[in-house]
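Residue strings, one per chain:
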Amino acid sequence: MSREVLEIICRMDMEKIENQIVLQCAPLIVGLRISSLFIIPKKNLKQIHGLLRKSQIYYYVFYLSGERAVILLYHCHRLEDYLGCTEVRDFLVERGYPLTRLEGILQEFRQRYWHYCTGTGDFPHELGLILGYPIEDVKGFIQYKGKHPLYAGYWKVYTDVPAKKELFRMFELAKEMLVEFLQNGIDIQDIISGYRWNEWA
């Protein structure tokens, strides 16, 4: 990341939802990722609804606790297609997920995530798939218990390091671009809904 962009980020007000969403979810906004986990103050949920209502990005609340909300932002059809791939679907079925549409998978995951957050269940590794991570990296993480990755970036990588490094580089470029857009006065709602990012996807 360039020094200029880092300086902009250091000056950003991290209480503002538009800054949070750009810094946490830029690759999703530009179409490089199919989903992202977004942790925000619970009071900002209505604002998220307003920001996304004219976009092709959906949100799903996984967990509410005190003042915090853990939500999934996602491109609906792309996530549904990914979770419906044979290897991914078989993995989810083996772990007790229903053979239903995306809504059923998210409901089941939300229940498991709630148990984990409240200390009544194990961490649901299916989160990696819901976040669109390659299944080989999710399986590697489980097999090695999160240790011995070949590389660590946006997730722990267990195969095809050069391709993943390039993808992570693109993620960072997306973040830089959107930070500069905000710095230049472009409204966050225009960034999310007014632009088309087909050339990135």
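You'll find the structure just up there.
About the thresholds
Residues numbered from 1 in each chain as written. Predicted model: local features only at pLDDT ≥ 70, side-chain atom pairs only at ≥ 80, totals over all residues. Heavy atoms only, no water. Helix = DSSP H or I, 4+ residues; strand = E, 2+ residues; numbered from the N terminus. Rg over C-alpha atoms; globule rule 2.2 N^0.38 Å. Buried < 20%, exposed > 50% of the residue type's maximum accessible area, 1.4 Å probe, protein only. Contact = heavy atoms within 4.5 Å. 1 Å grid on protein atoms, 1.4 Å probe; cavity = no way out; pocket = protein on both sides within 12 Å on 5 of 7 lines; lining within 4 Å. Points joined across faces, edges and corners; volume = space filled by probe spheres on them. Nonpolar A, V, L, I, M, F, W, Y, C, P; charged D, E, K, R; others polar. Pairing = 2+ DSSP bridges. Axes fitted to C-alpha atoms, helices over the stretch in contact; angles between N-to-C directions. Disulfide = S-S within 2.5 Å. Salt bridge = Lys/Arg side-chain N within 4 Å of Asp/Glu carboxyl O.

## Let's talk about the overall build of the chain
Looking only at helices and strands, the chain features ten helices and five strands. Since a compact globule built from 201 residues should have a radius of gyration of about 17 Å, the 17 Å found for the chain is in line with a globular shape. Over its C-alpha atoms, taken along the principal directions, the chain stretches across nearly 50 × 40 × 30 Å. Burial status across the chain gives 45% buried among its 201 residues. Residue pairs at least 24 apart in sequence account for 54% of intrachain contacts in the chain once pairs closer than 6 positions are excluded.

## A word on the layout of surface pockets
Rolling a probe over the atoms, with the probe sized like a water molecule, indicates the empty space that remains. Volume-wise, the second largest pocket comes out at about 240 Å³. Those elements giving two or more residues to the lining of the second largest pocket turn out to be α7 (127–130) and α8 (135–143). Considering every element that reaches the lining of the second largest pocket, the biggest residue donor is α8, with four residues. Classifying every residue of the lining of the second largest pocket by side-chain character gives eight nonpolar, two polar and two charged.

## Comments concerning the sheet that holds strand β2 (residues 58–65)
Pairing within the open sheet is antiparallel, and its three strands lie in the order β1-β3-β2. The outermost strands of the open sheet, each flanked by one partner alone, are β1 (35–41) and β2. Neighbour-to-neighbour, the strand axes of this sheet turn through a mean angle of 25°, independent of strand direction. The pairing of β1 with strand β3 (residues 68–74) spans seven bridges and is antiparallel. Note that in β3 the partner of isoleucine 39 across the bridge is valine 70. Across the sheet, helix α2 (residues 17–29) is in contact with β1 and β3; its angle to β1 comes to roughly 165°. In the packing of helix α3 (residues 45–52) onto the sheet, the strands contacted are β1, β2 and β3, and the crossing angle to β2 comes to about 175°.

## Digging into the state of the cysteines
A complete count under the given rule lists zero disulfides for this structure. Of all cysteine sulfurs in the structure, the one in cysteine 25 sits closest to cysteine 117, which takes part in no disulfide; the separation is 17 Å. In this structure cysteine 117 comes out as partly exposed when scored by relative accessible area, which is 27%.

## Overview of the environment of valine 22
Tracing the sequence through the fold places valine 22 in helix α2. Judged by its relative accessible area of 0%, valine 22 is buried. Between the alpha carbons of valine 22 and isoleucine 191 there is a distance of 9.4 Å; along the sequence they are 169 residues apart. Discounting residues that sit within four places of it in the chain, valine 22 has contacts with Lys175, Leu178, Val179, Leu182 and Ile188.

## Let's talk about the pairing of β2
The sheet contact formed by β2 and β3 spans seven bridges and is antiparallel. Counted as the bridge partner of valine 61 is isoleucine 71 from β3. Linking β2 to β3, which pair antiparallel, is a turn of two residues; within it glycine 66 sits at a positive phi near 60°.

## Let's talk about the pattern of salt bridges
Counted by the stated rule, this structure contains nine salt bridges. For lysine 139, the salt bridge goes to glutamate 87, with nearest N and O atoms at 3.1 Å. Taken together, the residues span a long stretch of sequence, with lysine 139 in helix α8 and glutamate 87 in helix α5 (residues 86–94) at a distance of 52 residues. What makes glutamate 87 partly exposed here is its relative accessible area of 44%. A salt bridge links glutamate 166 to arginine 169, with the nearest nitrogen and oxygen atoms 2.8 Å apart. With glutamate 166 and arginine 169 both in helix α9 (residues 161–183) and three residues apart, this pair spans about one turn of that helix.

## Quick notes on unusual backbone geometry
Even without a glycine there, the phi angle at lysine 145 is positive, about 55°. Of note, lysine 145 is situated in the loop between α8 and β4 (151–152). The exposure class assigned to lysine 145 is exposed, which follows from its relative accessible area of 70%. The backbone of aspartate 160 shows a phi angle near 50°, a positive value even though the residue is not glycine. Relative accessible area serves as the criterion here: at 47%, aspartate 160 is assigned to the partly exposed category.

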